[in-house]
Structures are given as structure tokens and as C-alpha cells.
Amino acid sequence: MITTYGLHKSFQQHEVLKGIDLHVAKSEIVVLLGPSGSGKSTLLRSLNGLEQITAGRIEVNGIRLDAGLPARRQAKLIRDIRRQTGMVFQQFNLYPHMTVLGNVIEGLRTVKKMKKDAAVAIGERLLDRVGLKDKMDAYPSRLSGGQQQRAGIARALAMDPQIMLFDEPTSALDPELVGEVLLVMQELAQEGMTMLIVTHEMKFARNAANRIIFMADGVIVEEAPPEQFFEAPQQERSKRFLRQLS
Ligand code: ADP
Ligand code: MG
């Protein structure tokens, strides 16, 4: 579903991704761990076309984007890739002037040009799925952070993505609201969604991930099934990271 080959990303002189080779299979749940500043967000943003890659290649569900391609060709491929991927950020980014339902169906109306009734039907189904059907006419400011993030997930799902990218989806939440968002993510995983998740929730990572990828300083340091990564990390850098958590 996702592959990168020799992916590099620099901001001016600062090389943030230093040759990332990543493979995520269909229905695989991969949790990306690493210290702050290691390039996790930049990697996710590159996969979704929010950052232009400096060198290397990305393939998302068969769409191949090469850093060497002309800019116009890249722009077209990025649009195609965005249609395949849903992204959920730490900040919920809901439109404050739209109801929850309005937020969820916005993309269906403006990007997919769907008729209102059809879009509303999809929106209601998705809000039901994330446990927010009773809030569909509320404005985001009336929702808790956990509810807002669940609405954000419903909004991403509305575009029917093949892949979901999560960048610290629970980091802005009060501790007691984290569980409800993780539960929605767990359900998505069980339904077979392909997911690449940056999180600091180690219990979730251990339980939900098929594989852990540990990044530091712009490179993948270690990849392993969660039991192995947490119980018997191989690399000194991984060991240090895990020691600092406990
Ligand atoms: P992480 O998500 O692992 O904490 P990031 O991908 O956010 O790491 O950042 C990795 C590095 O890239 C950091 O040093 C950060 O300052 C730098 N960086 C990220 N975005 C930009 C940007 N738009 N311009 C310049 N530097 C950036
Ligand atoms: Mg980040």
C-alpha cells in the first residue's frame, strides 16, 4: 500500500529525512516511534503530499511519485495520492462555523461534488460509526477534544481513503479522553484499514500494531513486531528511547 525508496527531505540545508525505505502492506498497522524531531511528521506529510520530497520515490496504492519528475506531473500525482489517504493530526482542525455533520461532508460536497442527500447519508453513517450521531448538528466548540478528534476521523473516512495516516492523534487530549479515540482507531484496524500511526501511546502501539518502526535523526533505526521491539530491542538508540519512557 505504501512504499518509499531512498526518500530524502531537506528544508534548505537541513536534511530531515535521510533515505527512508518504508513498506506498509494492505491492512497492516504500523506504529512509527521516535524522539521529537526525528522526522516522523515530515515522513507522514511527505506521504500525503504536504511536503515536497527532495529525492527518492514514494508509491501509494500504485501511484508512483518520483522526486525527479517535473513539478506539474508531481502536482497531479500528489492530488491522486491525497485521494487515497486520509490524515488525522494532533490538532483537530475542524471548521468552527460548520456543524459536525457539515465538517464531515464538506469534502464530499466540494471535492467529490456529491449531492447533499447522498453526502448526508454517508456523513450520518460515519458519525454513527465513531459514536457521534447524536452530535451531528452541534458545532465543534460544543464538543470535547475526544469528540472533536473522532469527528476528524469521520471526516477523513468520508473521502473513502485506502490508507489512514495519524500524527499524534491523541497528544492534545486530556488523558481521560484518549481511550475513546484509540478505540475508534482500534476498530478501524480490525476492519482492515491500512494505517500508519505516530503516537506516544505505548500500550496502544504494543496492542494494535503489527509492526513498530523506530526512527531517529531522519533514519529508520529498527523495525520489529511490537513484542520484540519492546521486550528485546536490538539497537542501542532504541534501547535508550525505551529507557527514557519508563
Ligand atoms: P517529529 O515529528 O519526529 O517530531 P518533525 O518531522 O516534525 O519531527 O521534524 C523533524 C525536523 O525537521 C525538526 O528538526 C524540525 O525542526 C524540522 N522541520 C520540520 N518542518 C520544517 C519546516 N517546515 N521548515 C524547516 N524545518 C522543519
Ligand atoms: Mg511530529
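Residue indices begin from 1 for each chain and proceed along its sequence in written order. Lettering for chains starts from A, numbering for ligands starts from 1, and both go in the order in which the items are written. It should be noted that, the model being predicted, local features are given only for residues of pLDDT at least 70 and side-chain atom pairs only at 80 or more, the latter also being counted only at that level, while totals for whole chains, interfaces and linings use all residues.

Our focus in this paragraph is the overall build of the protein chain. For the purposes of this entry, the term helix denotes a DSSP run of H or I that reaches at least four residues, the term strand denotes a run of E that reaches at least two, and both are numbered from the N terminus. Across its full length, the protein chain carries nine helices and ten strands. Computation of the radius of gyration draws on C-alpha atoms, with the globule rule given as 2.2 Å multiplied by the number of residues to the power 0.38. Relative to the 2.2 N^0.38 estimate, which gives 18 Å for 246 residues, the radius of gyration of the protein chain is 18 Å and therefore close to what a compact globule would have. Overall, the protein chain is about 55 × 45 × 30 Å in size when its C-alpha atoms are taken along their principal axes. Looking at the protein chain residue by residue over its 246 residues, the buried ones come to 41%. Summarising the internal contacts of the protein chain: among those between residues at least 6 apart in sequence, 63% fall at separations of at least 24. Counting other C-beta atoms within 10 Å of each residue's C-beta, where C-beta atoms are placed from the backbone, gives the exposure class: buried for 20 or more, exposed for 12 or fewer, partly exposed between. Distance between backbone-placed C-beta atoms decides contact: two residues are in contact if it is within 7 Å.

Moving on, we come to the site of ligand 1. Neighbouring ligand 1 are the residues Phe11, His14, Val16, Gly34, Ser36, Gly37, Ser38, Gly39, Lys40, Ser41 and Thr42. Secondary-structure elements contributing two or more residues to the shell around ligand 1 are strand 2 (14–24) and helix 1 (40–47). At three residues, the largest contribution of residues to the shell around ligand 1 is made by helix 1. Broken down by class, the residue content of the shell around ligand 1 amounts to two nonpolar, eight polar and one charged. Near residues are defined by distance alone, with the backbone-placed C-beta atom required to lie within 6 Å of the molecule or strand. Think of it as three bins: nonpolar holds Ala, Val, Leu, Ile, Met, Phe, Trp, Tyr, Cys and Pro, charged holds Asp, Glu, Lys and Arg, and polar takes everything else, Gly as well.

The next thing to look at is the nonpolar core. In this structure, Leu32, Val104, Leu127, Ala154 and Leu196 are the most contacted members of the largest nonpolar core, which totals 66 residues. Sorting elements by how many residues they give to this core places helix 6 (residues 175–190) first, with seven residues. For our purposes the nonpolar core covers buried Ala, Val, Leu, Ile, Met, Phe, Trp, Tyr and Cys residues that link as a set through C-beta atoms within 7 Å.

Before going further, it helps to examine the packing of helix 4 (residues 116–129) against helix 5 (residues 145–158). Axis angles are defined between N-to-C directions and span 0 to 180 degrees, where every axis is a line fitted to C-alpha atoms and, for a helix, only to the segment in contact. Look at helix 4 against helix 5: their axes get within 9 Å of each other, and the N-to-C directions meet at 135°. As far as their axial angle goes, helix 5 and helix 4 are oblique. The way helix 4 lies across helix 5 gives a crossing that is right-handed. From helix 4, Ile122, Gly123, Leu126 and Leu127 reach across to helix 5, where they touch Ala154, Leu157 and Ala158. Each residue belonging to the contact of helix 4 with helix 5 can be placed in one class, and the counts come to six nonpolar, one polar and no charged. Roughly parallel covers angles under 35 degrees, roughly antiparallel covers those over 145, roughly perpendicular covers 65 to 115, and oblique covers all other angles. Each crossing gets its handedness from the near helix: less than a right angle anticlockwise from the far helix is left-handed, clockwise is right-handed.

A pair of strands is treated as paired once DSSP finds two or more bridges between them. Taken in spatial order, the four strands make up an open sheet running 2-1-4-5, and their pairing is antiparallel. In the strand order of this sheet, the two ends are held by strand 2 and strand 5 (63–66), each with one partner. Pairwise comparison of adjacent strand axes, ignoring direction, gives a mean angle of 20° for this sheet. Here five bridges tie strand 1 (residues 2–11) to strand 4 (residues 55–60), and the two strands are oriented antiparallel to one another. Residue Thr3 lies in a different strand from strand 4, and its bridge partner there is Glu59. Along the sheet, helix 1 contacts strand 1, strand 2 and strand 4; its crossing angle with strand 2, the most-contacted strand, is approximately 65°.

Most peptide bonds are trans, and most residues other than glycine sit at a negative phi. For Gln12, which is not glycine, the phi dihedral falls at a positive 50°. Residue position: Gln12 is located in the loop between strand 1 and strand 2. One non-glycine residue with positive phi stands out, namely Lys113, at about 55°. Within the secondary structure layout, Lys113 lies in the loop between helix 3 (100–110) and helix 4.

Following the sequence through the fold, Thr85 ends up in strand 6 (residues 85–88). Residue classification places Thr85 among the buried residues on the basis of 23 C-beta atoms within 10 Å. In this structure the C-alpha to C-alpha distance between Thr85 and Pro161, which are 76 residues apart in sequence, comes to 4.9 Å. The contacts of Thr85, once residues within four sequence positions are left out, are Leu47, Asn48, Val60, Pro161, Ile163 and Leu165.

Right, let's get into the packing of helix 3 against helix 5. Angle between the axes and distance between the axes: these two values describe a pair of packed helices. Contact geometry for helix 3 and helix 5: axes closest at 8 Å, N-to-C directions at 25°. With respect to each other, helix 3 and helix 5 are oriented roughly parallel. When the axes of helix 3 and helix 5 are compared, the crossing they make is right-handed. Between helix 3 and helix 5, the residues in contact are Val100, Asn103, Val104, Ile105, Gly107 and Leu108 and Ala151, Ala154, Arg155 and Ala158, respectively.

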